[in-house]
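Structural features, examined
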Amino acid sequence: MTDTILRMSGITKTFPGVKALQDVNLEVRRGEIHSICGENGAGKSTLMKVLSGVYPHGTYDGEIEFEGEACRFSGIRDSEHRGIVIIHQELALAHNLSIAENIFLGNEQAKRGFIDWNKTNHAADQLLRRVGLAESSVTPVVELGVGKQQLVEIAKALSKEVKLLILDEPTAALNDEDSEHLLGLLRGLRDEGITCVIISHKLNEVMSISDRVTILRDGKTIWTENTSDLTEDKIISGMVGRDLEHRYPEHTPSIGAEALRIEDWTVHSPTQPDRALVRKVNMTLRRGEIVGLAGLMGAGRTELAMSVFGRSYGVNFSGRLIKDGKEIKARNVREAIDHGIAYATEDRKRYGLNLIEDIKRNVSAAALGKLAKGGWVNGNEEFKVADEFRASMNIKAPSVEAVTGKLSGGNQQKVVLSKWIFTNPDVLILDEPTRGIDVGAKYEIYTIINRLADEGKAILVISSELPELLGICDRIYTLSAGRITGEVPRAEATQEGLMTLMTKEEQEVAP
Amino acid sequence: MTVAPTNADLSVGGTGPSAPKPGKAGFKLGFDMKSSGIYIAFALIVVLFTVLTGGDMLAPQNISNIIVQNSYILVLAIGMILIIIAGHIDLSVGSVVAACGAFSAVMMVNWDLPWPIAVIATLAFGAVIGAWQGYWVAYFGIPAFIVTLAGMLLFRAITLMILGNQGIGPFPEEVRTLANGFTNGFLGNVGLGALGGADLFSIIVGLAVVVGIAVVQWRTRAGRLRYNQAVDPMWLFAVKVAVPAVLVMFVIVQLARFRNLPWVLVLLAVLVVGYTLVTNRAVFGRQIYAVGGNLQAATLSGVKVKSVVFWLFVNMGVLSALAGIIFAGRLNQANPTAGNSFELDAIAAAFIGGAAVQGGVGKVVGAITGGLIMGVINNGMSLIGAESEEVMLVKGAVLLAAVAFDVWSKRRTSAAR
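Residues numbered from 1 in each chain as written. Chains lettered and ligands numbered in written order. Predicted model: local features only at pLDDT ≥ 70, side-chain atom pairs only at ≥ 80, totals over all residues.

**Some points on the overall build of chain B**
Which entries qualify depends on this criterion: Working definition: helices are DSSP H or I runs of at least four residues, strands are E runs of at least two. Numbering for both runs from the N terminus. This radius of gyration counts C-alpha atoms alone. The globule rule is 2.2 Å times how many residues there are, raised to the power 0.38. Buried, partly exposed and exposed are defined by the number of other C-beta atoms within 10 Å of a residue's own C-beta, namely 20 or more, between the two limits, and 12 or fewer respectively, with C-beta atoms placed from the backbone. Here the contact rule is simple: place C-beta atoms from the backbone, and any two residues whose C-beta atoms are within 7 Å are in contact.
Scanning chain B for helices and strands turns up 15 helices and two strands. Here the C-alpha atoms of chain B give a radius of gyration of 22 Å, agreeing with the 22 Å that 2.2 N^0.38 yields for 417 residues. Dimensions of chain B, computed from the C-alpha atoms along their principal axes, are close to 65 × 65 × 40 Å. Residue burial in chain B is summarised as follows: out of 417 residues, 47% are buried. For chain B, the share of sequence-separated contacts (at least 6 apart) that also reach a separation of at least 24 residues comes to 78%.

Here you go:
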């Protein structure tokens with residue numbers, strides 16, 4: 001009988017309007033590395049937040065049993081006290097503090113209220129040796145690369161006498177060498193008896209490191225299997241398998257001339273200017289065509305889109321944009337809009353809407369000039385325009401003077417779309433257009449996208465949901481680690497095929 | 001107690017809590033506690049001090065005093081509310097007031113330049129100061145708090161360099177009149193029965209303002225109806241026109257019985273109307289709210305965020321220069337300690353007047369009302385013989401209460417979401 005360290009049973013977690021987890025069961029054995037796989041939005045991170053107490057007991061249904069005892073965590077401190085430590089994708093280190101200070105942050109080695117620095121640094125040095133990080137414990141974290149910061153996080157977890165270590169996408173931001181080191185370290189920890197749960201998109205890693213794999217899809221557990229019985233294909237089909245019927249409106253495209261061509265487009269990270277996030281991308285968007293862009297989190301989808309949209313993300317750009325056969329320079333957002341490019345963000349609350357203003361002022365925000373004469377806005381005309389969008393987009397609100405912060409996600413998305421349609425773009429980039437909205441509103445958004453294509457606009461849809469791309473796109477590009485790894489017409493596209501291209505390693509595609 | 005409340009309703013489409021059915025010309029209740037609270041509080045404070053002072057509060061001379069004594073703070077409050085709406089702050093305005101006052105004194109008194117040239121040059125000087133600060137905030141990316149804290153020291157130092165340790169004066173007659181003087185009784189007096197004689201010209205101006213308010217409101221309403229937008233029911237519309245009209249006429253009649261209209265009141269009225277129009281109807285005004293409401297969304301909507309912030313600081317510099325001239329003209333001397341703590345009064349006026357700590361919210365009329373609330377508290381408490389520390393205590397409490405109300409009402413609405 002194997003020893004079960006963690007049993008989560010019947011976990012259900014609802015957010016307003018969305019069931020994020022539905023009767024999820026997870027069983028982790030002591031001393032194993034257990035991978036959790038699933039598409040973006042499948043509920044992996046939510047499940048880990050339930051486990052670590054970020055969502056405290058009482059905000060979800062179901063039972064958590066750790067080392068044979070029922071647990072009711074009221075916060076992260078509770079779960080850490082029991083030996084469950086989670087390392088998030090965005091590392092939570094204080095950049096200007098030293099490694100040692102970070103390791104013992106919130107757990108200071110103090111005597112009568114004063115920090116014992118000798119003890120702190122000595123203990124930190126020992127932990128650093130354990131994780132194989134050859135740095136002095138007094139080095140400020142800001143001087144370390146992402147890979148080494150990841151190791152500091154693990155050292156921090158070890159300082160808390162971790163029994164169950166949870167890593168959310170630990171290698172997403174690492175290069176191959178650092179990834180390899182990290183995975184080696186995890187194997188070592190397993191041999192010391194520390195149990196690991198890893199959330200990962202990189203299937204080759206999952207296959208090489210984990211003992212067992214659990215698949216989540218749409219907030220439900222699909223299956224748990226021993227890795228020795230699995231293949232990457234089987235994991236992929238587990239992640240994506242669902243029926244596709246009647247969720248997407250019928251649409252026959254009438255494809256016209258080329259609207260935008262992206263040539264050798266390269267963009268670097270604003271925080272690490274020598275790291276390319278988008279590498280030599282070539283794409284073509286044609287009028288009347290809906291093109292999909294598939295890629296996993298961190299592949300550079302949003303970075304690509306925003307950099308094309310007036311260089312609103314990234315530094316050190318190179319490459320060319322050819323609009324209607326002529327090269328354009330869209331050096332800022334205003335110029336991009338004037339060239340007929342529009343970009344509807346994936347995060348409408350943070351980047352899309354002014355939530356404290358009403359619908360009409362949001363709709364007019366990107367093209368206020370069209371409603372103004374000599375710098376003065378015609379408020380009545382603005383109302384009329386917004387009201388027409390309210391009708392044509394079916395925005396459910398008492399009036400266009402309703403504050404957008406109070407609308408549902410689907411209606412907020414329609415306001416964002418209205419804003420961009422009002423700029424009368426030729427090229428419309430939609431980043432996760434249906435994220436966080438319910439099925440009915442999704443169908444409406446798809447219908448709107450089809451209508452826009454029929455009006456002769458070139459549309460690029462970025463989505464994490466492969467069924468969505470397969471359902472609405474005429475052609476799909478795949479992006480992996482900043483490179484285009486494939487271009488597939490709708491007729492030939494399958495989820496498995498796309499997933500294979502999306503997880504393709506860099507070496508395989510390099511010329 | 002000036003034109004301020006009269007323009008409260010110049011704004012296009014106040015947002016009411018209950019909105020009409022879509023697509024039809026419906027009625028909505030235009031009474032919104034959050035946005036009206038400030039005017040009600042102002043009215044209550046005025047009534048309170050009127051009772052406490054046995055009516056002296058609203059005596060003709062006292063009303064005139066309140067306006068003239070607070071004019072420069074109100075001018076600053078207009079610039080400050082715009083900066084706060086955009087999500088920034090300006091701590092340097094007091095020092096800029098002093099520096100500009102000193103600059104104008106040197107030109108008018110020491111160099112004997114004609115006063116119109118000196119005034120224009122001073123406004124330009126203020127613009128340059130604003131551009132300096134705007135550059136560091138908008139283009140260099142230093143938080144406005146730091147830039148203007150440095151400015152507070154820098155421009156005070158410049159003032160001291162210009163003036164040494166003494167004041168410069170006296171100012172030309174015209175500048176003193178602008179700051180401290182009154183319109184002439186061009187048309188002589190008219191008898192008002194029991195109230196005695198009053199200046200006919202002032203009363204005609206008052207009537208013109210009232211008619212103006214009514215016409216503008218009516219045209220706005222007609223325009224909204226033409227586009228099938230929600231409007232207030234007729235009785236509420238009438239109240240919203242009548243209340244400011246009565247207030248304006250009351251103030252004007254009182255002023256007409258004293259020494260006619262203060263020139264600073266005329267100036268303030270022009271500024272308030274102008275800036276209210278800019279914030280409500282100009283593309284630039286809209287962009288201020290967009291920047292303060294969601295900086296990223298504004299950037300991604302093609303708003304030239306940096307340029308908006310830069311010009312806001314230039315504007316603040318010009319208004320500070322104007323306030324500097326008024327203040328120096330009123331004292332008839334440019335003084336090295338002029339403008340001390342003016343920034344605090346202007347910031348307090350903006351927040352009492354309904355600006356949000358996070359930016360994106362606020363009205364020019366609100367800031368003026370906030371400034372008047374502080375002015376009335378100052379004036380009323382000194383009339384009843386309160387000590388200055390008591391005045392300070394009350395002002396501090398009012399500021400805290402106003403912002404607490406804003407935070408509380410915001411939390412309540414977001415909880416109800």
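**Quick look at the sheet that holds strand S24 (residues 483–489) of chain A**
As a general point, the strands of a sheet are linked pairwise by backbone hydrogen bonds and lie either parallel or antiparallel. All names here are of chain A. Short version of the rule: Here the rule is simple: two strands pair whenever DSSP picks up at least two bridges between them. To obtain an axis, a line is fitted to C-alpha atoms, over the contacting stretch when the element is a helix, and the angle between two such axes runs from 0 to 180 degrees between their N-to-C directions.
Taken in spatial order, the six strands of this open sheet run S18-S21-S22-S15-S23-S24, and their pairing is mixed. Each edge of the open sheet is held by one strand with a lone partner, namely strand S18 (341–344) and S24. On average, each strand axis in the sheet is tilted by 20 degrees relative to the strand beside it, whichever way the strands run. Relative to strand S22 (residues 458–463), strand S21 (residues 427–431) runs parallel, the two sharing five bridges. Bridging across to S22, Ile429 finds its partner in Leu460.

**Side note on the environment of Asn394(A)**
Residues and elements named next belong to chain A. Structurally, Asn394 can be placed in the loop between helix H13 (379–392) and helix H14 (409–422). Assessed through the 14 C-beta atoms surrounding it within 10 Å, Asn394 is described here as partly exposed. Through-space distance from the C-alpha of Asn394 to that of Val415 is 9.9 Å; in sequence the pair is 21 residues apart.

**Focus on the interface of chain A and chain B**
How we decide: For this classification, the nonpolar set comprises Ala, Val, Leu, Ile, Met, Phe, Trp, Tyr, Cys and Pro, the charged set comprises Asp, Glu, Lys and Arg, and every other residue, Gly included, is treated as polar.
Listed by partner, the interface residues are 32 residues for chain A and 30 residues for chain B. Only helix H10 (333–338), helix H11 (348–352), strand S20 (376–377) and H13 of chain A provide two or more residues apiece to the side of chain A that touches chain B. Examining the composition of the side of chain A that touches chain B, we find that five residues originate from one element, H13(A), more than from any other. Taken together, the residues of the side of chain A that touches chain B break down into 15 nonpolar, nine polar and eight charged.

**A look at the domain arrangement of chain B**
Residue and element names in this part refer to chain B. Which entries qualify depends on this criterion: Note: domain ranges come from an automatic or database domain assignment.
Domain annotation of chain B identifies domain 1 (42–180 + 262–408) and domain 2 (182–258). Put simply, the middle of domain 1 and the middle of domain 2, counted by C-alpha atoms, are 26 Å apart. With four residues, helix H2 (residues 60–85) is the single largest residue contributor to the side of domain 1 that touches domain 2.

**Considering the environment of Ile262(A)**
Residue and element names in this part refer to chain A. Looking at the secondary structure, you find Ile262 in strand S13 (residues 258–268). Of the residues examined, Ile262 has 20 C-beta atoms within 10 Å and is grouped as buried. C-alpha of Ile262 to C-alpha of Arg212: the two residues are 50 residues apart in sequence and 42 Å apart in space. Apart from residues no more than four positions distant in its own chain, Ile262 is found in contact with Val281, Asn282, Met283, Val308, Gly319 and Leu321.

**Quick notes on the domain arrangement of chain A**
Domain annotation of chain A identifies domain 1 (4–240), domain 2 (249–340 + 425–511) and domain 3 (355–423). Here domain 1 of chain A and domain 3 of chain A have C-alpha centroids that lie 43 Å from each other.

**Looking at the UniProt feature "transmembrane region" (unreviewed entry) in chain B**
All names here are of chain B. Worth spelling out the cut-off: UniProt positions are given in the numbering used here, feature names are shortened, and annotations may be inferred rather than shown by experiment.
Annotation from UniProt places "transmembrane region" (unreviewed entry) at residues 38–59, 71–89, 113–132, 139–163, 192–216, 237–255, 261–278 and 308–328. The annotated region residues 71–89 carries 79% helix and 0% strand content, and the separation between its end C-alpha atoms amounts to 21 Å. Summarising residues 139–163: 84% helix, 0% strand, and an end-to-end C-alpha distance of 32 Å.

**Topic: helix H4 (residues 115–139) of chain B**
Residues and elements named next belong to chain B. Note the cut-off: To estimate how far a helix should extend, the number of its residues minus one is multiplied by 1.5 Å.
For H4, built from 25 residues, the straight-helix expectation of 36 Å at 1.5 Å per residue is met to within 8% by its first-to-last C-alpha distance of 35 Å. Among all positions of H4, only Ala118, Val119, Thr122, Phe125, Gly126, Ile129, Gly130, Gln133, Gly134, Val137 and Ala138 are buried. Contacts from the buried residues of H4 go to helix H3 (93–110), helix H5 (144–163) and helix H12 (305–331). Downstream of H4 by a residue or two, Gly141 has a phi angle that is positive, lying close to 85 degrees.

**Topic: the confidence of the model for chain A**
Convention followed: For every residue, the predictor assigns a confidence score, pLDDT, that lies between 0 and 100.
Averaged over all residues, the pLDDT of chain A equals 88, while 95% of them reach at least 70. Within chain A, the lowest mean pLDDT, 48, falls on helix H18 (residues 506–509) of chain A, and the highest, 96, falls on S18(A).

**Considering unusual backbone geometry**
A cis geometry characterises the amide bond from Gly169(B) onward to Pro170(B), with omega recorded as -5 degrees. Within the secondary structure layout, Pro170(B) lies in the loop between H5 and helix H6 (173–180). Residues other than glycine seldom take positive phi values, yet Asp264(A) does so here, at roughly 45 degrees. By the secondary structure assignment, Asp264(A) is in strand S13. By C-beta crowding, Asp264(A) is classed as exposed, having 11 other C-beta atoms within 10 Å.

**Examining the pairing of strand S3 (residues 33–37) of chain A**
All names here are of chain A. Burial analysis of S3 places five of its five residues in the buried class, which makes it a mostly covered element. Judged by which residues are buried, S3 turns out to be covered on both faces: Ile33, Ser35 and Cys37 on one side and His34 and Ile36 on the other are all buried. Here S3 runs beside strand S10 (residues 195–199); their pairing, made up of four bridges, is parallel. Paired with Ile36 across the strands is Ile199, a residue of S10. Of the strand pairs in this sheet, S3 and strand S11 (residues 212–217) are connected by four bridges, and their pairing is parallel. Of the residues in S11, the one forming a bridge with His34 is Arg212.

**Points about the packing of helix H9 (residues 263–281) of chain B against helix H10 (residues 283–293) of chain B**
Angle between the axes and distance between the axes are the two parameters that describe a pair of packed helices. Residue and element names in this part refer to chain B. Quick note on the threshold: Working definition: roughly parallel below 35 degrees, roughly antiparallel above 145 degrees, roughly perpendicular at 65 to 115 degrees, and oblique for all remaining angles. Take the far helix as your reference; a near helix turned counterclockwise from it by less than a right angle gives a left-handed crossing, and one turned clockwise gives a right-handed crossing.
With their axes 5 Å apart at the nearest point, H9 and H10 run at an angle of 65 degrees to one another. Between H9 and H10, the interaxial angle falls into the category roughly perpendicular. Seen from above, H9 lies across H10 with right-handed handedness. Between H9, through Val278, Thr279, Asn280 and Arg281, and H10, the contact on the second element is made entirely by Phe284, Gly285 and Ile288. Of the residues belonging to the contact of H9 with H10, the class tally is three nonpolar, three polar and one charged.

**Concerning the sheet that holds S13(A)**
All names here are of chain A. Reading across the sheet, the four strands line up as S14-S13-S16-S17 and stay open at both edges, with antiparallel pairing between neighbours. On the outer flanks of this sheet lie strand S14 (276–286) and strand S17 (326–328), each paired with one strand and no other. In this sheet, neighbouring strand axes are inclined to one another by 15 degrees on average, regardless of whether the strands run parallel or antiparallel. Note: S13 against S14, seven bridges, orientation antiparallel. Looking at the pairing, Arg261 lines up with Thr284 of S14. Each of S13, S14 and strand S16 (315–323) is contacted by helix H9 (residues 301–308), which is oriented at about 65 degrees to S14, the strand it contacts most.

**Looking at the pairing of S13(A)**
Bridge count between S13(A) and S16(A): six bridges; the pairing is antiparallel. Opposite Leu260(A), over in S16(A), you have Lys323(A) as the bridge partner.

**Considering H2(B)**
Residue and element names in this part refer to chain B. Stated precisely, the cut-off is as follows: Note on bend: the value at a residue is the angle between axes fitted to the seven residues ending there and to the seven starting there.
For H2, with 26 residues, the first-to-last C-alpha span of 35 Å sits near the 38 Å given by 1.5 Å per residue. Maximum bend of H2: about 55 degrees, positioned at Ser71. Counting buried residues in H2 gives 21 out of 26 residues, a clear majority hidden from the surface. A positive backbone phi angle near 90 degrees is found at Gly87, which sits one or two residues after H2.

**Here's the deal with the packing of helix H8 (residues 232–240) of chain A against helix H17 (residues 495–502) of chain A**
Residues and elements named next belong to chain A. Two elements in contact, H8 and H17, have axes separated by 10 Å at closest approach and are oriented at 115 degrees. Considering only the axes of H8 and H17, their crossing is right-handed. Residues Asp233, Ile236, Ser237 and Val240 of H8 lie in contact with H17, whose contacting residues are Gln495, Glu496 and Met499. Here the contact of H8 with H17 is composed, by residue class, of three nonpolar, two polar and two charged.

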